[in-house]
Amino acid sequence: MQILVIHGPNLNLLGSREPAVYGSQTLAQIDADLLKMAADAGHELKSFQSNHEGALVDRIQAAAQDGSRFIIINPAAYTHTSVAIRDALAAVALPFIEVHLSNVHKREAFRQHSYLSDLAVGVICGLGAQGYQLALSYALTQLQQHSQP
């Protein structure tokens, strides 16, 4: 069973972009840790990053057909602006967890609204890269429970 991890705009700059806010791990390091964690549990994990809203929507839509069973998404700035990403997630109807590296509730007021949170199974914010691992741990548990006879 496949788990899809989607990273939104500017996350390709992790490690060098505002490390005091977003941490020092690179996106490649985060993905490598998640890939190993999923493989150790016997699951396939795919990751995708784009700075373009339409590419993110296209990838979410493709998840409905490619064997994905769960999505972990850090929509980054699109959290606060993208009805299109919200509609794509609603359309594919796959369970997903919204992840944010920083605690958006301790930041600017505009970052405190999410167009996705009410559709998400859960939201993890402020725990840095570990938030992705916690989301993956939950997804793996859910997939295992739902694949039991």
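Computed from a predicted structure; not experimentally measured.

Rules used throughout
Residues numbered from 1 in each chain as written. Predicted model: local features only at pLDDT ≥ 70, side-chain atom pairs only at ≥ 80, totals over all residues. Heavy atoms only, no water. Helix = DSSP H or I, 4+ residues; strand = E, 2+ residues; numbered from the N terminus. Buried < 20%, exposed > 50% of the residue type's maximum accessible area, 1.4 Å probe, protein only. Contact = heavy atoms within 4.5 Å. Pairing = 2+ DSSP bridges. Axes fitted to C-alpha atoms, helices over the stretch in contact; angles between N-to-C directions. Salt bridge = Lys/Arg side-chain N within 4 Å of Asp/Glu carboxyl O. Parallel < 35°, antiparallel > 145°, perpendicular 65-115°, else oblique. Left-handed = near helix turned anticlockwise from the far one by under 90°. UniProt positions renumbered as here; feature names shortened; annotations may be inferred. Polar contact = N/O pair within 3.5 Å; in protein donor to acceptor, adjacent residues only side chain to side chain.

Enquirer: Help me out: how do you make sense of unusual backbone geometry in this one?
Expert: Generally, phi is negative for residues other than glycine and the peptide bonds are trans, each holding for most cases. Positive phi, close to 75°, is recorded for Asn10, a residue that is not glycine. Inspection of the secondary structure assignment puts Asn10 in the loop between β1 (2-7) and α1 (19-22). Positive phi is not limited to glycine here, since Ala76 has a value of about 55°. Residue position: Ala76 is located in the loop between β3 (68-74) and α4 (83-92). The exposure class of Ala76 is buried, given its relative accessible area of 15%.

Enquirer: Even after reading the chapter, I still don't get the environment of His113, so can you show me in this structure?
Expert: As for its position among the elements, His113 is in the loop between β4 (96-100) and β5 (122-125). Taking the C-alpha atoms as reference points, His113 and Glu98, separated by 15 residues in sequence, lie 13 Å from one another. Setting aside residues no more than four positions away along its own chain, His113 makes contact with Thr79 and His80.

Enquirer: Quick question: what am I supposed to make of the sheet that holds β5 here?
Expert: Paired through backbone hydrogen bonds, the strands of a sheet run either parallel or antiparallel to each other. Taken in spatial order, the 5 strands line up as β2-β1-β3-β4-β5 in an open sheet, and their pairing is parallel. The sheet is open, and its two edges are formed by β2 (44-49) and β5, each paired on a single side. The mean inter-strand angle of the sheet, taken between neighbouring strand axes irrespective of direction, is 20°. Here β1 pairs with β3 via 6 bridges, running parallel. Its bridge partner lying in β3, Leu4 is registered against Ile71. Contacts between helix α2 (residues 27-40) and the sheet are confined to β1 and β2, with β2 contributing the most and set at about 160° to the helix.

Enquirer: What should I look at first to understand the pattern of salt bridges in this one?
Expert: Pairing is possible between side chains of opposite charge, provided their charged atoms come close. Here the structure, examined in full by the defined rule, presents 4 salt bridges. With a shortest N-O distance of 3.2 Å, Lys46 and Glu44 are connected by a salt bridge. By relative accessible area, Lys46 is classed as partly exposed at 38%. Judged by its relative accessible area of 40%, Glu44 falls in the partly exposed class.

Enquirer: Please explain the packing of α2 against helix α5 (residues 130-147) as it appears in this structure.
Expert: When two helices pack together, their arrangement is given by the angle between their axes and by how far apart the axes lie. Packing of α2 against α5 leaves a shortest axis separation of 10 Å and a crossing angle of 20°. In terms of orientation, α2 and α5 fall into the roughly parallel class. The handedness of the crossing between α2 and α5 comes out as right-handed. Between α2 and α5, the residues in contact are Ile30, Asp33, Leu34, Met37 and Ala38 and Tyr132, Gln133, Leu136, Ser137 and Leu140, respectively.

Enquirer: Looking at this structure, I do not really get the UniProt feature "active site" (unreviewed entry) in the protein chain. What am I missing?
Expert: In this structure's numbering, the residues bearing the UniProt feature "active site" (unreviewed entry) are Tyr22 and His100. With respect to the helices and strands, His100 occurs in strand β4. Take His100: its relative accessible area is 6%, and that puts it in the buried class. Filtering out sequence-adjacent residues up to four positions away, His100 remains in contact with Asn74, Pro75, Thr79, Ile124, Cys125, Gly126 and Leu127. There is a polar contact of 2.6 Å between the side chain of His100 and the side chain of Glu98.

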